[in-house]
Structure formats: C-alpha cells, structure tokens
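A closer look at the structure
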Amino acid sequence: MGIDALTFRNAMARLGAAVNVVTTGTLDDPAGFTASAVCSVTDTPPTVLVCLNRNSRVRERFRVDAAMCINVLAADQQDISGVFASPLEQAERFRSGHWDTLTTGAPVLDEAVLSLDCRIERIVEVGTHSVMFGAVESLRNSSPRGGLIYFNRTYHMLPHDDDK
C-alpha cells in the first residue's frame, strides 16, 4: 500500500528548509519564483538543485543552458517570498528588492543572505516537478544576517549569531 499525496505533503511540511527566490532571464526580462526545495548536490564541481512545479507559469523560462540564480532570503524578507509566490506578473515581482547581476546575467537580489549564480546543466522531470541542476559559476555572500526558514507551513526567523 502506497502513501497518498496529501499524507506525503503533510509529512514534508515538517522538513524545514531555507526560503529562496530563484530567478532566470535578465534584468530587462526577468522571471522568478519562491522555492524551498533547493539543496547542494556536490562541491566538485559546485552543483545545486532546485525543484519547480511543472505547472508553474515560469516553468518555460527555466531551460537547459539558461542562467539561474538562487537568492537565499534573510529573516526579514518574508514579504519578498510572498511577492514571488503570488500571482503578480513577473515585472511587478521584481519591483521588490534591489537587483543586480553576477556572471550569468540572471537577476541577483542585492539584499539576499547568499546568491548562487548558476547555469542550468540538466533538467529531470519527476512526477509533478522539474528538478533543475545548476552549475554554480559564482556566488555572493552578504553581511551576516539571520535566515528565513519555512517549516510546518509557517515562516520562522533564525537569528544570526555574531560570535560564530
């Protein structure tokens, strides 16, 4: 007997994760969405993965060889997460925050805790989602700040410990 989708989703809600805004395109034609299904794959070569629902309006913008930036949100950026998870048009979403670029040209959120600037190397379709593998070409750390975590369908702010 298998596990039904609702039971699985409820269980995964208890798997806390950093909140990210994932972007592609350029500053003139940007696209992005909020994601918590992001993780490191390997450090040699530096590779990350991001899961995106195949029914998402932005899915067609994310393709192999496209630029992609994972912007890890700070504790005080819950509003930006909400904007990028909303039905707003792409141009409206990017009115939140300040945007720049690094190596690939994908939009980089200046205020992010960390930005991982990637090139999408592979996309694997699994069930309802596209799993995008990104080769990290550059990264930018901001000044130390607390992080934003999504756990049990609620945002939680992690403090920054200045002593570490």
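This report concerns the structure included in the present document. This one's a predicted model, so the numbers in the text were calculated from it and none came from an experiment.

Formed by 18 residues in total, the largest nonpolar core has its most connected members in Val 22, Phe 33, Val 50, Phe 62, Met 68, Ile 120 and Met 132. Secondary-structure elements contributing two or more residues to this core are strand 3 (30-35), strand 5 (46-53), strand 6 (67-72), strand 9 (114-126) and strand 10 (129-141). Among all residues touching Phe 62, those that are not within four sequence positions of it are Val 22, Thr 23, Thr 24, Phe 33, Leu 52, Met 68, Ile 120, Ile 123 and Met 132. Within the second largest apolar cluster, 11 residues are counted, among which are Val 21, Ile 80, Phe 94 and Trp 99.

For the rest of this paragraph, the subject is the pairing of strand 3. The buried count for strand 3 comes to five of six residues, which makes it a mostly enclosed element. Connecting strand 2 (residues 20-25) to the next strand, strand 3, in antiparallel fashion are four residues.

Sheets are built from strands paired through backbone hydrogen bonds, the pairs being either parallel or antiparallel. Judged by pairing direction, the sheet is antiparallel, and its seven strands sit side by side in the order 3-2-6-9-10-5-4 without closing on themselves. The sheet is open, and its two edges are formed by strand 3 and strand 4 (38-43), each paired on a single side. Within the sheet, the average angular offset between the axes of one strand and its neighbour, ignoring direction, is 30°. Here strand 6 runs beside strand 9; their pairing, made up of six bridges, is antiparallel. Its bridge partner being in strand 9, Met 68 is matched across the sheet by Cys 118.

The subject of this paragraph is the environment of Ala 17. By secondary structure assignment, the location of Ala 17 is in strand 1 (residues 17-18). Once residues lying within four places of it in the same chain are set aside, the contact partners of Ala 17 are Ser 36, Leu 148, Ile 149 and Tyr 150.

Positionally, Ser 40 belongs in strand 4. A residue is classified by how much of its surface remains accessible, and Ser 40, at 57% relative accessible area, is exposed. When the C-alpha atoms of Ser 40 and Val 124 are compared, they prove to be 16 Å apart, with 84 residues separating the residues in sequence.

Spatially, three strands are ordered 1-11-12 in an open sheet, and the strand pairing comes out antiparallel. Edge positions in the open sheet fall to strand 1 and strand 12 (154-157), since each of these has one partner strand only. Two elements, strand 11 (residues 148-151) and strand 12, share four bridges in a ladder whose sense is antiparallel. Each bridged residue has a counterpart across the sheet, and for Tyr 150 the counterpart in strand 12 is Tyr 155.

It is worth spelling out the packing of aromatic side chains at this point. Pairs of aromatic rings are described using the distance from one ring centre to the other and the angle between the two planes. This structure, assessed with the given rule, holds five aromatic pairs. The interplanar angle of 55° and the centroid separation of 5.8 Å between the aromatic rings of Phe 84 and Trp 99 together place this pair among those described as tilted. Of this pair, Phe 84 sits in helix 2 (residues 78-84) while Trp 99 sits in strand 7 (residues 99-100), and the two are 15 residues apart along the sequence. The same class applies to Phe 84 as to Trp 99, namely buried.

The next point concerns the side chain of Arg 93. Residue position: Arg 93 is located in helix 3 (residues 90-93). From its side chain, Arg 93 meets the backbone oxygen of Gly 32 in a polar contact 2.7 Å long. In this structure Arg 93 touches Gly 32, Phe 33, Arg 57, Val 83, Phe 84, Ser 86, Pro 87 and Leu 88, once residues within four positions along its chain are discounted.

Cut-offs used in this document
Residues numbered from 1 in each chain as written. Predicted model: local features only at pLDDT ≥ 70, side-chain atom pairs only at ≥ 80, totals over all residues. Heavy atoms only, no water. Core = buried A, V, L, I, M, F, W, Y, C linked by side-chain atoms within 4.5 Å. Buried < 20%, exposed > 50% of the residue type's maximum accessible area, 1.4 Å probe, protein only. Helix = DSSP H or I, 4+ residues; strand = E, 2+ residues; numbered from the N terminus. Contact = heavy atoms within 4.5 Å. Pairing = 2+ DSSP bridges. Axes fitted to C-alpha atoms, helices over the stretch in contact; angles between N-to-C directions. Phe/Tyr/Trp six-rings, centres within 6.5 Å; stacked < 30°, edge-to-face > 60°. Polar contact = N/O pair within 3.5 Å; in protein donor to acceptor, adjacent residues only side chain to side chain.

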